[in-house]
Amino acid sequence: QVENVASALSDVGDPVVAGERLQQGGQAFLTKVLPAAESALYDKAAALIPTGKVSMLPQTNMALRRIAGQVQNPNLQALITDSNFKKLTTAIGGIAQSGQGITFDQLRRLRTWTRTLRPDPGSAVGINKTAIGDIYNGLTQDMHQMAAAGGPEAVNAIRRADQYTRAAAATRVPAIES
C-alpha cells in the first residue's frame, strides 16, 4: 500500500495534489483494505468453529444484569423508554431463555449492530455510551468464548480482526487543507 502511494506521488510537483492523493489513499485503506482484512479474519475464525456451536451469550447477559442493577427502583425503570435498548435486551434475554443460542455469524452481526446503536429519538432516558460499551464488551467476550472451540488459530484470528475493528473506529483521515 505504501509503495502504491509513493509511486502515485512521485510525479506530483504540486503539494495540494500530493495532499489530495495521500488523503485518497488513507480513505481507501480505511474503507476498503481494512474492512476486507477484518472480514477475512472473522470468516476464518467462523470456519474453524465447530458446526452447530452456539452461544447463549453468558457474558452479554451478565453485562445486561449489571446495567439493570443500576436502576432497581421500578418507578425509575419506567423512565428507560429507549426502544432500541429495550429491543436489544429483549432479544438477548430471549436467546438465553430459548435455549437455542446463536451462531458465531449471528453474534458477529449483533455485535456490529450494537456498536452502531444510538439512543432512540424522543426517549426519556436513552442508552448512554457506557451501557452500549458494556453490552458490546459482553458480546466480544462471548465471541472469544465461541472461538476457543475452534482452537488457538480461531482465537488469534478474532483477536486480530478486533484490532482492525478498533483501528478503524479510532482512525480518522482529516481533510488536508491547502
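Residues numbered from 1 in each chain as written. Predicted model: local features only at pLDDT ≥ 70, side-chain atom pairs only at ≥ 80, totals over all residues. Heavy atoms only, no water.

*Asks:* Would you mind showing me how to read the packing of helix α7 (residues 129-148) against helix α8 (residues 152-170) here?
*Replies:* How two helices pack is summed up by the angle between their axes together with the distance between the axes. The N-to-C vectors of α7 and α8 enclose an angle of 150 degrees; their axes lie 8 Å apart at closest approach. Overall, the two elements α7 and α8 adopt an arrangement that is roughly antiparallel. Both α7 and α8 take part in a crossing whose hand is right-handed. Where α7 approaches α8, its residues Y136, T140, M143, H144, A147 and A148 are matched on the opposing element by A154, V155, I158, R159, D162 and T165. When the residues that make up the contact of α7 with α8 are grouped by side-chain class, the tally is seven nonpolar, three polar and two charged. (Axes fitted to C-alpha atoms, helices over the stretch in contact; angles between N-to-C directions. Helix = DSSP H or I, 4+ residues; strand = E, 2+ residues; numbered from the N terminus. Parallel < 35°, antiparallel > 145°, perpendicular 65-115°, else oblique. Left-handed = near helix turned anticlockwise from the far one by under 90°. Contact = heavy atoms within 4.5 Å. Nonpolar A, V, L, I, M, F, W, Y, C, P; charged D, E, K, R; others polar.)

*Asks:* Hey, could you run me through helix α5 (residues 83-98) in this one?
*Replies:* Note that an α-helix has 3.6 residues per turn; residues three or four places apart therefore point the same way. Taking 1.5 Å of rise per residue, the 16 residues of α5 would be expected to cover 22 Å, and the 22 Å separating its terminal C-alpha atoms lies within 8% of that figure. Here α5 has its buried residues at N84, F85, L88, I92, G93 and I95. Looking down the long axis of α5, one finds its buried residues gathered within 155 degrees of arc, a one-sided arrangement. Of the exposed residues in α5, those oriented more than 90 degrees away from the buried face are K87, T90 and Q97. (Expected span 1.5 Å × (residues − 1). Buried < 20%, exposed > 50% of the residue type's maximum accessible area, 1.4 Å probe, protein only. Arc of directions from axis to C-beta.)

*Asks:* When you look at the side chain of D142 in this model, what are you seeing that I'm missing?
*Replies:* Position of D142 relative to the elements: it lies in helix α7. Apart from residues lying up to four places away in sequence, D142 is in contact with S55, L57, P58, Q59, T60 and L107.

*Asks:* Where do I start with the pattern of salt bridges in this structure?
*Replies:* Pairing between side chains becomes possible if they bear opposite charge and their charged atoms approach one another. What the rule picks out here adds up to three salt bridges. Residue R108 pairs with D43 through a salt bridge whose shortest N-O separation is 2.9 Å. Of the two residues, R108 is situated in helix α6 (residues 104-115) and D43 in helix α2 (residues 15-48); the sequence distance between them amounts to 65 residues. By relative accessible area, which is 18% here, R108 ends up buried. Between K44 and E153 there is a salt bridge, with its nearest N and O atoms 3.2 Å apart. Taken together, the positions of K44 in helix α2 and E153 in helix α8 put the pair 109 residues apart, joining distant regions of the chain. (Salt bridge = Lys/Arg side-chain N within 4 Å of Asp/Glu carboxyl O.)

*Asks:* Mind showing me how you'd approach the packing of aromatic side chains here?
*Replies:* Each aromatic ring pair is characterised by the separation of its centres together with the angle its planes make. In the structure shown here, the tally under the stated rule is zero aromatic pairs. One cation-aromatic arrangement involves R160 over Y164; the distance from NZ or CZ to the ring centre is 4.9 Å. (Phe/Tyr/Trp six-rings, centres within 6.5 Å; stacked < 30°, edge-to-face > 60°. Lys NZ or Arg CZ within 6 Å of the ring centre and 35° of its normal.)

*Asks:* Teacher, can you tell me more about the environment of Q141 here?
*Replies:* The residue Q141 is located in helix α7 in this model. Among the residues examined, Q141 registers a relative accessible area of 40% and is labelled partly exposed. Through-space distance from the C-alpha of Q141 to that of L57 is 8.8 Å; in sequence the pair is 84 residues apart.

*Asks:* Could you clarify how one ought to interpret the side chain of D162 in this entry?
*Replies:* Relative to the assigned elements, D162 resides in helix α8. The exposure class assigned to D162 is buried, which follows from its relative accessible area of 6%. Reaching out from D162, the side chain makes a polar contact with the side chain of H144 at a distance of 2.8 Å. If we skip the residues at most four places from it in the chain, D162 touches Y42, R111, T140 and H144. (Polar contact = N/O pair within 3.5 Å; in protein donor to acceptor, adjacent residues only side chain to side chain.)

*Asks:* I'm lost on unusual backbone geometry in this one. Help?
*Replies:* Most peptide bonds take the trans configuration, and most residues that are not glycine carry a negative phi. Despite not being glycine, L57 shows a phi value in the positive range, around 60 degrees. Within the fold, L57 resides in the loop between α2 and α3 (58-69). Using a relative accessible area of 0% as the deciding quantity, one classes L57 as buried.

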